Amino acid sequence: MGSSTSELDGVQKAAILLITLGPEKAAGIFKHLKEDEIEQLTLEIANTRSVTPAEKEQVLNEFYEVCLAQQYIAEGGIGYAKDLLQKALGEDRAKEVLGKLTASLQVRPFEFIRKTEASQILNFIQDEHPQTIALILSYLSPTQAAGIISTLTPDKQTDVAKRIALMDRTSPDVIKEVENILEQKLASLVNQDYTIVGGIDSIVEVLNTVDRGTEKHIMENLEIEEPELADEIRKKMFVFEDILMLDDRSIQRVLREVENSELAVALKGANEEVQNVIFNNMSTRLSAMIKEDMEYMGPVRMKDVEEAQQKIVNIIRKLEDSAEIVISRGGGDEIVV
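What you see is a predicted model, and the numbers here were worked out from it, not measured in a lab. (Residues numbered from 1 in each chain as written. Predicted model: local features only at pLDDT ≥ 70, side-chain atom pairs only at ≥ 80, totals over all residues. Heavy atoms only, no water.)

Asker: Would you take a moment to explain the packing of aromatic side chains for this structure?
Answerer: The geometry of an aromatic ring pair comes down to the distance between the two centres and the angle between the two planes. Within this structure, the stated rule accounts for zero aromatic pairs. Above the ring of Phe 279, the side-chain terminus of Lys 291 is found at 4.7 Å from the ring centroid. (Phe/Tyr/Trp six-rings, centres within 6.5 Å; stacked < 30°, edge-to-face > 60°. Lys NZ or Arg CZ within 6 Å of the ring centre and 35° of its normal.)

Asker: What am I meant to see in the confidence of the model for the protein here?
Answerer: Caution applies to low-pLDDT parts of the model: their predicted coordinates are not meant to be read in detail. With 78% of its residues at a pLDDT of at least 70, the protein reaches an overall mean of 76. Element-level pLDDT for the protein is lowest in strand S2 (residues 195-196), with a mean of 43, against a maximum mean of 91 in helix H16 (residues 272-279). Across residues 188-197 the pLDDT falls below 50, and counting only partners more than four positions away or on other chains, this stretch makes 35 contacts in the model. (pLDDT = per-residue confidence, 0-100. Helix = DSSP H or I, 4+ residues; strand = E, 2+ residues; numbered from the N terminus. Contact = heavy atoms within 4.5 Å.)

Asker: What's the story with the pattern of salt bridges in this structure? I'm lost.
Answerer: Between side chains of opposite charge, a pair can form as their charged atoms come close. In total, this model carries nine salt bridges according to the counting rule given. Of the charged contacts, one joins Lys 13 and Glu 62 as a salt bridge, the two residues approaching to 3.1 Å between their closest N and O atoms. In this pair, Lys 13 is assigned in helix H1 (residues 10-21) and Glu 62 in helix H4 (residues 53-89), connecting sequence segments 49 residues apart. For Arg 163, the salt bridge identified is with Asp 159, shortest N-O distance 2.9 Å. With Arg 163 and Asp 159 both in helix H9 (residues 154-166) and four residues apart, this pair spans about one turn of that helix. A network of salt bridges, in which partner residues are shared, links Arg 253, Glu 257 and Glu 324. (Salt bridge = Lys/Arg side-chain N within 4 Å of Asp/Glu carboxyl O.)

Asker: Mind showing me how you'd approach the environment of Pro 299 here?
Answerer: Tracing the chain through its elements places Pro 299 in the loop between helix H17 (284-296) and helix H18 (302-321). Assessed through its relative accessible area of 84%, Pro 299 is described here as exposed. With 31 residues separating them along the chain, Pro 299 and Lys 268 place their C-alpha atoms 8.7 Å apart. (Buried < 20%, exposed > 50% of the residue type's maximum accessible area, 1.4 Å probe, protein only.)

Encoded structure:
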C-alpha cells in the first residue's frame, strides 16, 4: 500500500481529502465549517504542493472507514459498530478506527435513550429539574424533543425552551452525573468531551417540530419573560402570520402549492391583515370563492385551523429551502412599504 499517512496530521489529511474531492464538493463542505477552520484548511491547501496518488487513496480510505464507523454507531451503538467493522476491516483496524472516533468525535451523550419512545423518556424525566430536562432534550432528535416538550406542563414548557436556547457548553462531569441518574432508571454507556449543544438553532428546530399550539404558547411566554431571546428565535423561525414578510410574487408562488379547501380552513383563524394579503394575491373570482367557502363551513375547530396553517408553513419552508422564495427575516435590509 506504499508509505503510511500516519505521519500526516489531521489538517493535512483534511486538505488532501478536499483536494481529492474537487472544488465543488469542497465548497459544499466549507459551508458546514467554522471560519477559523476554513482559514486553516485554505492555508493548508495553498501550501500543499503535490499529493501522490497513494496518499490520495490512503486518505480517502481512512475517511471512508471513519464514515462507515460513524454510520454503524448511529445505527446501533458502539458494540454494533465494533462487530460490523471487525467483519469489514479486521480486528486491529476496527479497533484503530473506533479509537480515533471515540477520542476525537465522541459518541453523543444520552445515545442510549435516542432510540427510546418519547413517551417512555417522559416518564423518566418529567419530574427532573428544568435544567436537567433541557440538557437531555438538547441531545435528542428534534422529533423526540418536540414529543416530550409538548407534553410537559405549560409553565415547564417555556422554562425548558428558554434553558435550551440559553445553553452553551456543559462540562463532561455534569453530563456524566445526569447520565448516571438516568442509567439507574434505564441502563447504558458513554464517554464525552466538552460539547457545544443547545443554543438558538437547537430550540428553533424543536419549535418547528412541535404542534402549533405548543409553539405559540412557548413563544408568547418567552416574549414576556425574555423579549430579546424571543425576537432572536422568531427571526430564525417562520410562523403562519409571518406570511406578511413575503413579497407578492413569493405569496403567489406559495398559493400555487396550497389546496383551496386547506387555505379556507387556515384563513378562518387568521387575522384580517393576513387574510387581506392573501386575497390580494389571487384573482377576484378565486378570493370570492374562498370567502364563500369560509362562510359556509361555519365554526371550525382550532386544532384543524392550526393543522392547515402548519401545512402552509411547511410548504413555505420547503420553497425557501429550495431558494424558490426569499423570507425577509429582518436584521438585514429593512423593507419599507
